[in-house]
Amino acid sequence: MSTLTVTLREGGLADLADVMAVMDDSFEPCFGEAWTASQCAGLMPMPGVWLTLAREDGGTIGFALSRIVADEAELLLLAVRRGAQGRGVGKSLLARFEALARRRGAARLHLEVRDGNRAVKLYETAGFGLIGRRPHYYSGPDGQNYDALTFAKIVSI
Ligand SMILES: CC(C)(COP(=O)(O)OP(=O)(O)OC[C@H]1O[C@@H](n2cnc3c(N)ncnc32)[C@H](O)[C@@H]1OP(=O)(O)O)[C@@H](O)C(=O)NCCC(=O)NCCS
């Protein structure tokens, strides 16, 4: 399948419903990684926060939510609809995060991901290195906890 029909564009609070539709479709509820609509709505208008949408056929199939503070940018959320996964959309959103973070003056990129999430391979391939572990960072609805892995990438010195 091709990604040629997928376009990336920046969005905002007006795209919250699209973001939540992708969130609900992509994250497995058992791990407690997904954010609520009010968490997203509270963060999106804050300074240094930006949203990128992956669009296809008039619909949103993926998004990345990011933030920069001083010279450190953080990828807060990355998600692609189940039906659109495995076509390079996640990789494109990650590359866009890096490009826009650099343009905004980031020297260091940062992200957290659940230990065992297959996105780990995506981040490692993109040059992120493991720098830490936060035990029991994610809590599933059944009360089970999962560690977060912290990854970073230096993009300039
Ligand atoms: C993680 C996620 C965003 C990847 O999106 P995607 O569009 O499927 O990713 P891509 O097609 O660009 O694949 C990039 C890499 O991810 C990995 N990957 C993607 N889908 C995979 C799958 N089904 N099985 C194993 N690895 C997979 C591979 O390493 C792949 O690289 P490759 O194609 O060179 O082998 C998507 O799986 C998702 O939304 N997951 C649920 C939400 C989540 O956990 N987000 C990350 C934490 S915030």
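As shown above, the structure is provided for reference.
Residues numbered from 1 in each chain as written. Predicted model: local features only at pLDDT ≥ 70, side-chain atom pairs only at ≥ 80, totals over all residues. Heavy atoms only, no water.

Peer 1: For the overall build of the protein chain, give the residues involved together with the corresponding values.
Peer 2: Of the regular secondary structure elements, the protein chain holds 4 helices and 7 strands. Helices and strands in the protein chain line up, N terminus first, as β-α-α-β-β-β-α-β-α-β-β. Taking 2.2 N^0.38 as the reference for a compact globule, 157 residues should give roughly 15 Å; the C-alpha atoms of the protein chain span a radius of gyration of 15 Å, in line with that estimate. Along the first, second and third principal axes, the C-alpha atoms of the protein chain reach 45 × 40 × 35 Å. A buried classification covers 46% of the 157 residues belonging to the protein chain. Counting only contacts in the protein chain whose residues sit at least 6 apart along the sequence, the fraction spanning at least 24 positions is 60%. Entry remark: accessible area of the protein chain is about 8100 Å², with carbon and sulfur atoms responsible for 53%. With 18 positive and 18 negative side-chain charges, the protein chain shows a separation of 5 Å between the mean positions of the two kinds. (Helix = DSSP H or I, 4+ residues; strand = E, 2+ residues; numbered from the N terminus. Rg over C-alpha atoms; globule rule 2.2 N^0.38 Å. Buried < 20%, exposed > 50% of the residue type's maximum accessible area, 1.4 Å probe, protein only. Contact = heavy atoms within 4.5 Å. Areas by Shrake-Rupley, 256 points an atom, 1.4 Å probe, with all protein chains shown as cover. Lys, Arg positive; Asp, Glu negative; His and termini not counted. Charge placed at Lys NZ, Arg CZ, Asp CG, Glu CD.)

Peer 1: Provide a residue-level description of helix α3 (residues 89-103), including the pertinent values.
Peer 2: The terminal C-alpha atoms of α3, which comprises 15 residues, lie 21 Å apart, in line with the 21 Å expected from a rise of 1.5 Å per residue. Burial in α3 covers these residues: Val 89, Gly 90, Leu 93, Leu 94, Phe 97, Glu 98, Leu 100 and Ala 101. After α3 finishes, the residue Gly 105 shows a positive phi value of roughly 100°. (Expected span 1.5 Å × (residues − 1).)

Peer 1: Give me the lowdown on the state of the cysteines, citing residues and values where you can.
Peer 2: Applying the stated criterion across every chain, the model contains 0 disulfides. The structure places no disulfide on Cys 30, whose sulfur is separated from the nearest cysteine sulfur, that of Cys 40, by 19 Å. You can call Cys 30 partly exposed: its relative accessible area is 33%. (Disulfide = S-S within 2.5 Å.)

Peer 1: Summarise the sheet that holds strand β2 (residues 49-56); cite the residues concerned and give the values.
Peer 2: Here 7 strands make up an open sheet; going across it, the order is β1-β2-β3-β4-β5-β7-β6 and the pairing mixed. Because the sheet does not close on itself, it has two edges, and the strands there are β1 (7-11) and β6 (129-139). Within the sheet, the average angular offset between the axes of one strand and its neighbour, ignoring direction, is 25°. Summarising the sheet, strand β5 (residues 108-114) and strand β7 (residues 145-154) pair through 7 bridges and their orientation is antiparallel. In the sheet register, Arg 108 faces β7, and the bridge partner there is Ile 154. Against the sheet, α3 makes contact with β1, β2, β3 (59-69), β4 (72-80), β5 and β7, and its axis sits at roughly 160° relative to β4, the strand it touches most. (Pairing = 2+ DSSP bridges. Axes fitted to C-alpha atoms, helices over the stretch in contact; angles between N-to-C directions.)

Peer 1: Tell me what's going on with the nonpolar core, and back it up with residues and numbers.
Peer 2: In this structure, Ala 73, Leu 75, Phe 97, Leu 109, Val 113, Tyr 123 and Phe 128 are the most contacted members of the largest nonpolar core, which totals 28 residues. Those elements giving two or more residues to this core turn out to be β2, β3, β4, α3, β5, α4 (119-125) and β7. In contact with Phe 97, other than residues within four places in its own chain, are Trp 50, Ser 66, Ala 73, Glu 74, Leu 75, Leu 109, His 110 and Phe 128. Counting residues in each nonpolar core, the second largest holds 17 residues, with Met 20, Cys 40, Leu 43 and Met 44 among its members. (Core = buried A, V, L, I, M, F, W, Y, C linked by side-chain atoms within 4.5 Å.)

Peer 1: Explain the site of the ligand to me, using residue names and the numbers behind them.
Peer 2: In the vicinity of the ligand lie 18 residues, with Leu 78, Val 80, Gly 88, Lys 91 and Asn 117 positioned nearest. Within the backbone of Leu 78, an N or O atom sits 2.7 Å from a nitrogen atom of the ligand. Note that an oxygen atom of the ligand is positioned 3.4 Å from one of the side-chain N or O atoms of Gln 85. When isolated, the ligand has an accessible area of 910 Å², and the protein chains bury 75% of it. Listing elements by their share of the shell around the ligand, those giving two or more residues are β4, α3 and α4. The residue inventory of the shell around the ligand, partitioned by class, reads 8 nonpolar, 6 polar and 4 charged. (Near = heavy atom within 4 Å. Polar contact = N/O pair within 3.5 Å; in protein donor to acceptor, adjacent residues only side chain to side chain. Nonpolar A, V, L, I, M, F, W, Y, C, P; charged D, E, K, R; others polar.)

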